[in-house]
Protein chains: 6
Amino acid sequence: MRPSGRQPDEMRTIRLEPGFAKYAEGSCMARFGETHVLCAATVEDRVPGWMRDTGRGWVTAEYGMLPRSTAERTNREAARGGQSGRTQEIQRLIGRSLRAVTDLQAMGEMQVRVDCDVIQADGGTRTASVTGAFVALHLAFQRCVDIGLLKAVPLTDQVAAVSCGLYKDTAVLDLDYAEDSTAQADANFVLTGQGGIVEVQGTAEDRPFAAQQFDQLMALANKGVRELCEFQRQALGLEPA
Amino acid sequence: MRPSGRQPDEMRTIRLEPGFAKYAEGSCMARFGETHVLCAATVEDRVPGWMRDTGRGWVTAEYGMLPRSTAERTNREAARGGQSGRTQEIQRLIGRSLRAVTDLQAMGEMQVRVDCDVIQADGGTRTASVTGAFVALHLAFQRCVDIGLLKAVPLTDQVAAVSCGLYKDTAVLDLDYAEDSTAQADANFVLTGQGGIVEVQGTAEDRPFAAQQFDQLMALANKGVRELCEFQRQALGLEPA
Amino acid sequence: MRPSGRQPDEMRTIRLEPGFAKYAEGSCMARFGETHVLCAATVEDRVPGWMRDTGRGWVTAEYGMLPRSTAERTNREAARGGQSGRTQEIQRLIGRSLRAVTDLQAMGEMQVRVDCDVIQADGGTRTASVTGAFVALHLAFQRCVDIGLLKAVPLTDQVAAVSCGLYKDTAVLDLDYAEDSTAQADANFVLTGQGGIVEVQGTAEDRPFAAQQFDQLMALANKGVRELCEFQRQALGLEPA
Amino acid sequence: MRPSGRQPDEMRTIRLEPGFAKYAEGSCMARFGETHVLCAATVEDRVPGWMRDTGRGWVTAEYGMLPRSTAERTNREAARGGQSGRTQEIQRLIGRSLRAVTDLQAMGEMQVRVDCDVIQADGGTRTASVTGAFVALHLAFQRCVDIGLLKAVPLTDQVAAVSCGLYKDTAVLDLDYAEDSTAQADANFVLTGQGGIVEVQGTAEDRPFAAQQFDQLMALANKGVRELCEFQRQALGLEPA
Amino acid sequence: MRPSGRQPDEMRTIRLEPGFAKYAEGSCMARFGETHVLCAATVEDRVPGWMRDTGRGWVTAEYGMLPRSTAERTNREAARGGQSGRTQEIQRLIGRSLRAVTDLQAMGEMQVRVDCDVIQADGGTRTASVTGAFVALHLAFQRCVDIGLLKAVPLTDQVAAVSCGLYKDTAVLDLDYAEDSTAQADANFVLTGQGGIVEVQGTAEDRPFAAQQFDQLMALANKGVRELCEFQRQALGLEPA
Amino acid sequence: MRPSGRQPDEMRTIRLEPGFAKYAEGSCMARFGETHVLCAATVEDRVPGWMRDTGRGWVTAEYGMLPRSTAERTNREAARGGQSGRTQEIQRLIGRSLRAVTDLQAMGEMQVRVDCDVIQADGGTRTASVTGAFVALHLAFQRCVDIGLLKAVPLTDQVAAVSCGLYKDTAVLDLDYAEDSTAQADANFVLTGQGGIVEVQGTAEDRPFAAQQFDQLMALANKGVRELCEFQRQALGLEPA
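Residues numbered from 1 in each chain as written. Chains lettered and ligands numbered in written order. Predicted model: local features only at pLDDT ≥ 70, side-chain atom pairs only at ≥ 80, totals over all residues. Heavy atoms only, no water.

**So, the relation of the copies chain A and chain E**
Stated formally: The superposition of copies rests on a least-squares fit of C-alpha positions from residues with pLDDT of 70 or more in both. By definition, residues are in contact when any of their heavy atoms lie within 4.5 Å.
With an RMSD of 0.0 Å, chain A superimposes on chain E once it is rotated by 180 degrees and translated 0.0 Å along the axis. The superposition operator between the copies reduces to a two-fold rotation axis. In terms of proximity to the rotation axis, the leading residue of chain A is A:A78, whose C-alpha is 1.9 Å off the axis. Mapped onto chain E, 100% of the interface residues of chain A again fall at the interface, so both copies present the same surface.

Following this line, the structure appears as structure tokens:
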């Protein structure tokens, strides 16, 4: 039934490749099927002005798409003179998601900035970004531990994200572009390794949907994020949960 | 327990004042307690370029805050040279919410633009905007019917919005600023008169929350939106549902 | 003869409502007939960089219009990416007018910023802005006195503004939009309570006008500003002059 | 008493050099003492969009300063990313002044754009701009007549401008920078050859001034503009008035 | 002597990977050692406005760097609100280089836009861009031939680019970042397969250099471009030259 | 053969007028035939942030064109909201050229900014800018010496620039606009008084050109720059070289 032939609760092929960006303190190429996002974390010794002298750190994110990552070329935001509302919405989501599992107090006054750049887009770029950005962030913190800047990785849990949607009246997991562009509803779930909710964004595209359908989407998301967390652990060389 | 002394499931005092803006085709001052948003609908005979010759209409929204609507002055976006990510996120949400209950085909090729300007802000400006914008939109469509531009109001349902949150471990309805700024989690629900979900946005501020807590928030939202829809019907001079 | 039926030397109904903006240090809703401008003053403890360590204060203003304050919708300046020349011209005028009656030395190093936002526009928004901004500024200074920041209100006089014009060859006072858009000439006068000239801006719209006509406009302005100053004194709870 | 040793009613040395810009349809270097403004008129066969198919023409102006035209370098507006409020205010003034003496109907659908660029600034750049721009505009129209585009120069009168001010309690004509920066009040007058008022802008810098003082400034302006009109006639090869 | 241990006339390891971007009409990942540039060509059926109805086509390019392609993070241009002078200079160079070997008449009225995005930067990103962009352009034209839009690939020659420089008083080929940042002079050469000069840009970094030294750089460039053209032919599946 | 009737190796009439800008620390009007560029140097006591506390100085340049310096009016960059890529490319070139002959160490922590504004354009504006900017810079340094800020003029050599090109298959010196717009190739050479190469930029406009032709262009440039350096020495009151 799905264009890709997947089962309703079946994720795309996931690959999380740590260390992809040679110069970044931490990085990960996150591949959800044909969606590829390069996540690169930069450690900076300065926090934003409004945080100075608070003793706490900050984690933020930026997001972009290569113009020809998409089937139809997308205009370059730098050439248009600024970031679109969609871009800003996504990078704010990524930043909030990462901060939800970061102990900003334990970080001390430093900042990590994670750049999520979409090399190829086939739907779900924001959820791949969150999932890969967590790996990049973890690696950057590990690097800080290795060189003595931090005593321990200041992360309290894992965080990953996946989209679900109603496609031809069926709840399906991990929408690709063909599904996303015709779904009746779609929702992005950012969940922790413990299953806690960090962020939920559900939107009816065609007509309103029912609370019961929303529950089905959330159940799928739980399954998907559990799998993604396992991929993250492998990429980071951690024991299975 | 709540700073305002309200019960957990108690909305603020709601007032929807139709026709507030003298020159607009439809308008509504939406007051949720001390949050006041002026919603004004403008009917335009041109649709955006990408919709030309499709025979369908479009509904969109813009959002702004007066600089001193807030306790601390907020910089004027026009003076800073553009709209912030938050502003764009909110106005996209309002537009999607209105379109979810509009029959764009029945509208024909025209556009309605609803300006939502926050005169005073005490939390929940985006939900007051959606709720008031629906009234303004309905009035503008009614005006089009009155002068023969449309045969009937092309709305398929009502739409309204409310925020809920976890405040001191309790699920509460319709957060004011004092609650919003310290809530453990908050969620905005855009629902239809029939109880369908148009948009759900939940965010953990402090630590992740559980699916069960999310269900409590949604139950409160259902109660709140039912009440808001009744206020909308009164403002529009319609029979109670 | 006038569209509104007013006498040539008759102002519109004036209402100056102090304290309209709940959160501002001083505020005033200034209504000149159907023109409504919300003026809100913010006290800041920092002066602009070029004034640091001079021991003197500063008063400045910003101006904006709600998009649907006008009969035809005006594009939102924040969405267009900046303030128009007209907007900047007006806010510079308001700032200069307020500073003309402020003892910047007595203020000490602090700044008051007055936001003038047009809620409804029927001509004369800049003169209503100056008139209401003075009330907001006075209230903000009074607040500073009440909490011990200042010893006395550092204002040396009142300031108010009114427009006059040549309409169908007759000099008339306080133009509304119907007159303003067809006047042969119009002039804005900013005068003090003592009758001193702070700012005069006269423009021929259709064809040049004579010095004698200009004198008629100034005489009307003197009458109008005397009345406005009385309204200001009432709004501020001061004795009649 | 004046820094330059001039009498109170004495203009600076005026030179209007027609044809200064080799490529423009009409041009004039306007020198008011050490203030030098290059005015260049461009004839375009398109009017702005909102004037299409009205059968009427348009005249507009742009204004700029070379960064080192001033004693202290002024930042380049192109590098800062836009025109300041002051610049926009001035170029709007120049455009209105020129249109006040242009028969837009007789022009037909074409546009003349006059660029006024300050090469050297010693006060009074806007009045020199208006005065020189009129010469450039006249020459451009004459060129159109010469090549058969127009039957006659569509100008109904001359227009010129001069500043006056209160300097050490005395009314003086044609302020230079040393006077302008310390004047108690200054006013710019745009007047026609017939003595009609096109634009008056008076500002109290220090403290409000009296109506009687304003009358003195206007009398000086009349004298100054009469002299400037004579210089214009010489530059254009016209008979003395 | 060179940090990389290369001979003065030795290029880095070159890899040109055609078809890297799944969705583009033509693409190439160009790797010059650790410098990796993804070049993606988009065929558009519209030419810029100033070329309409000329019967000729256009080829243009855009350039960007991922923020963490560099050892120190570079700010994202979209977030800063525009492209830097360096970026614009580079993309203009790429466009000119491609047009130098394109028969714009034979193309007909269509446009190819080549996006060159630096994934990893170790010096020489503009020369890698030109070299990879040619492959992407050729593949896009070939695609047009395959689907019948063009009769033949409208390219008159190959074009490739390489940098040379004076490093420790020796002329060396294909500078990497370690060399580039300390070179006494560097020059970028864009040459055709026939050895013709398309573009030469030489800059003394430290002190002026002699014409004789410039001749040495050009000789190295000729050797380098000959090798690059061979790699291009392999990537395109063409016979060796 | 040349439109101007000049010999292939003949420069236009050169005039370098020192002290043209009354207020600048150093200035020069550089005239290459009908191309006139006003160069004005400003001495500032602050270096850019990234140079603070290095003990070294900085020299930079800005470039602009009056809108009607050209035969067809060019849009004003300040009105368009920013500098074009071409403008930025040129001002970076001028800055690099000046720094190549400046002893930044000997300057100490100060900055000289040279504004090059094109009053009239007939081709070769960037080379006239470099040539005139050197004179302005030298005069500004001399002023610093005169008032005791510097012990000696911190310039190590002269620098000047000229364009050459292939016009109707012949190598010609100092292209004017008529030649520039139809040349097969053109190149800009920035050379020192000693004949060293500071910058070379050659571009094929029509078809690639040969290395031998490039050598002819460079020989012409050497001749031209020798002549320009003599004009510079005259303008500066220095002995012939």
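On we go.
**Examining the sheet that holds strand β8 (residues 185–192) of chain C**
Which entries qualify depends on this criterion: By the convention used here, strands pair only if DSSP detects at least 2 bridges between them. Numbering of helices and strands starts at the N terminus; helices are DSSP runs of H or I of at least 4 residues and strands are runs of E of at least 2. Note on definitions: angles span 0 to 180 degrees between N-to-C directions of axes, and those axes are lines fitted to C-alpha atoms, for helices only across the stretch in contact.
Here 8 strands make up an open sheet; going across it, the order is β7(C)-β6(C)-β8(C)-β9(C)-β9(D)-β8(D)-β6(D)-β7(D) and the pairing antiparallel. Both outer strands of the open sheet, β7 (170–173) of chain C together with β7 (170–173) of chain D, are each paired with one neighbouring strand and no more. Strand-to-strand twist of the sheet, defined as the mean angle between neighbouring strand axes without regard to direction, takes the value 15 degrees. In terms of strand pairing, strand β6 (residues 159–167) of chain C meets β8(C) through 8 bridges, oriented antiparallel. Bridge pairing in β8(C) links C:V162 to C:F189. Along the sheet, helix α4 (residues 125–146) of chain C contacts β6, β8 and β9 (197–204) of chain C; its crossing angle with β6(C), the most-contacted strand, is approximately 165 degrees. Lying on the sheet, helix α6 (residues 211–236) of chain C is in contact with β6, β7, β8 and β9 of chain C together with β9 (197–204) of chain D; it crosses β6(C) at an angle near 140 degrees.

**Some details on the relation of the copies chain C and chain D**
Expressed as a screw operation, the relation of chain C to chain D combines 0.0 Å of axial shift with a rotation of 180 degrees, fitting to an RMSD of 0.0 Å. In this assembly the copies share their binding face: 100% of the residues contributing to the interface of chain C also contribute to that of chain D.

**Remarks on the packing of helix α2 (residues 85–99) of chain D against helix α4 (residues 125–146) of chain D**
Residue and element names in this part refer to chain D. Using the following cut-off: Angle categories: roughly parallel below 35 degrees, roughly antiparallel above 145, roughly perpendicular from 65 to 115, and oblique for all the rest. Take the far helix as the reference: if the near one is turned anticlockwise from it by less than a right angle, the crossing is left-handed, and if turned clockwise, right-handed.
Contact geometry for α2 and α4: axes closest at 10 Å, N-to-C directions at 40 degrees. Regarding the angle of α2 to α4, the classification is oblique. The handedness of the crossing between α2 and α4 is right-handed. For the pair α2 and α4, contact is made by R86, E89, I90, L93, I94, S97 and L98 and by T125, R126, S129, V130, A133, F134 and L137, respectively.

**Considering the pairing of strand β6 (residues 159–167) of chain A**
Residue and element names in this part refer to chain A. Rules: Residue burial is assigned from relative accessible area. The probe radius is 1.4 Å, only protein chains are included, and a residue is buried under 20% of its type maximum, exposed over 50%, and partly exposed in between.
Counting buried residues in β6 gives 9 out of 9 residues, a clear majority hidden from the surface. Both faces of β6 are covered, namely the face carrying V159, A161, S163, G165 and Y167 and the face carrying A160, V162, C164 and L166. Examined bridge by bridge, β6 and strand β7 (residues 170–173) share 4 bridges and lie antiparallel to one another. Counterpart to Y167 in the pairing with β7 is T170.

**As for the pattern of salt bridges**
A side chain with one charge may pair with a side chain of the opposite charge, provided their charged atoms come close. All names here are of chain C. To keep it simple, the criterion reads: Counted as salt bridges are all cases of a side-chain nitrogen of Lys or Arg within 4 Å of a carboxyl oxygen of Asp or Glu.
In total, this model carries 132 salt bridges over all chains according to the counting rule given. The salt bridge partner of R6 is D174, with a shortest N-O separation of 3.7 Å. On the criterion of sequence distance, the pair formed by R6 in the segment before β1 (14–18) and D174 in the loop between β7 and α5 (177–180) is long-range, its members being 168 residues apart. The same class applies to R6 and to D174, which are both buried.

**A closer look at the packing of aromatic side chains**
Condition: Classification of ring pairs rests on two measures: the distance between centres of Phe, Tyr or Trp rings, Trp counted by its six-membered ring, which must be within 6.5 Å, and the angle between planes, read as stacked under 30 degrees, edge-to-face over 60 and tilted in between.
Scanning the model with the defined rule gives 21 aromatic pairs over all chains in all. Both rings, one in B:F209 and one in B:F214, keep their centres 6.4 Å apart while their planes meet at 25 degrees; by these two values the pair is stacked. According to the relative accessible area criterion, B:F214 is buried, its value standing at 0%. The interplanar angle of 45 degrees and the centroid separation of 5.9 Å between the aromatic rings of E:F189 and E:F214 together place this pair among those described as tilted. You can see E:F189 sitting in strand β8 (residues 185–192) and its partner E:F214 sitting in helix α6 (residues 211–236), a full 25 residues away along the chain. Classification of E:F189 by relative accessible area gives buried; the value is 0%.

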